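Read off the chains here:
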Amino acid sequence: MYKETFRILSKRLLKHITKEQKKQYLKDISNRLYQTHWWKNSDVIALTIARDIELDTLPIIEEGWKQGKQIVIPKCYPDNHLMNFYLFTNQHELENVYLDLYEPKEDPKKLVQPNQIDLIIVPGLLFDFQGFRIGYGGGYYDRYLANYPHSKISLAMEQQLVKHVPHDQYDLPVDAVISEKNIYQ
Ligand SMILES: Nc1ncnc2c1ncn2[C@@H]1O[C@H](COP(=O)(O)OP(=O)(O)O)[C@@H](O)[C@H]1O
Ligand SMILES: [Mg+2]
């Protein structure tokens, strides 16, 4: 499959960017993020707990906490490829569900509905300048975003940006992609 080829190649690319380089990129990307209206005007922000090959999201989560924002993170259900977001208030709440994948425990008191989220920071492997993305192949975000009414953006290193990624009718573009150099929207 066409998208799968992009997935394999972009995972390989991400593996070859060193931890130090990613740290520097993250610093530049997150500083740019904090200046945006998406960040400033959002009280409830959805993020993922990054996998090893991705840009670390914990510094952003901690900055959000510091600024009094509510951070929510997803729990995925592989049976139906749906996911729910749960309020995340400290690191000990995490559950290691698979290899380097961390998720919240299912606490009904912490469940958050799509319309309660102001901003979703959508993860992905590869992006284009229209905001289309190649994810990990589960379609979790495509399904969730179909019923989500507010802002959605992605954070990416320039190396993860290409002119055009293949997309299907259910793929929804993010409103903007923030890189270490630019904001594409
Ligand atoms: N809104 C949706 N409703 C039902 N199925 C969907 C929806 N969005 C995506 N899918 C399914 O999810 C699968 C994975 O989507 P894909 O775009 O390839 O993955 P990803 O977005 O993770 O890169 C697709 O085969 C598609 O059938
Ligand atoms: Mg998709």
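The rules we used
- Residues numbered from 1 in each chain as written.
- Chains lettered and ligands numbered in written order.
- Predicted model: local features only at pLDDT ≥ 70, side-chain atom pairs only at ≥ 80, totals over all residues.
- UniProt positions renumbered as here; feature names shortened; annotations may be inferred.
- Helix = DSSP H or I, 4+ residues; strand = E, 2+ residues; numbered from the N terminus.
- Expected span 1.5 Å × (residues − 1).
- Buried ≥ 20, exposed ≤ 12 C-beta atoms within 10 Å, placed from the backbone.
- Arc of directions from axis to C-beta.
- Near = placed C-beta within 6 Å.
- Nonpolar A, V, L, I, M, F, W, Y, C, P; charged D, E, K, R; others polar.

- As recorded in an unreviewed UniProt entry, the protein goes by 5-formyltetrahydrofolate cyclo-ligase and comes from Piscibacillus halophilus.
- According to its UniProt record, the protein has this under Catalytic activity (unreviewed entry): "(6S)-5-formyl-5,6,7,8-tetrahydrofolate + ATP = (6R)-5,10-methenyltetrahydrofolate + ADP + phosphate".
- Quoted verbatim from the Sequence similarities (unreviewed entry) field of UniProt, the annotation for the protein is "Belongs to the 5-formyltetrahydrofolate cyclo-ligase family."

1. Remarks on helix 2 (residues 19-35)
Move 1: Under the 1.5 Å per step criterion, the end-to-end length of helix 2 is 25 Å for 17 residues, consistent within 8% with the ideal 24 Å.
Move 2: Buried within helix 2 we find Tyr25, Leu26, Ile29 and Leu33. Projection of helix 2 onto a plane perpendicular to its axis shows the buried side chains occupying an angular sector of 110°, all on one side. The exposed residues of helix 2 that point more than 90 degrees off its buried face are Glu20, Lys23, Gln24, Lys27, Asn31 and Gln35.

2. Some points on the site of ligand 1
Move 1: Ligand 1 sits among Lys3, Ile134, Gly135, Tyr136, Gly137, Gly138, Gly139, Asp142, Arg143, Ala146, Tyr170 and Asp171.
Move 2: Each residue belonging to the shell around ligand 1 can be placed in one class, and the counts come to four nonpolar, four polar and four charged.

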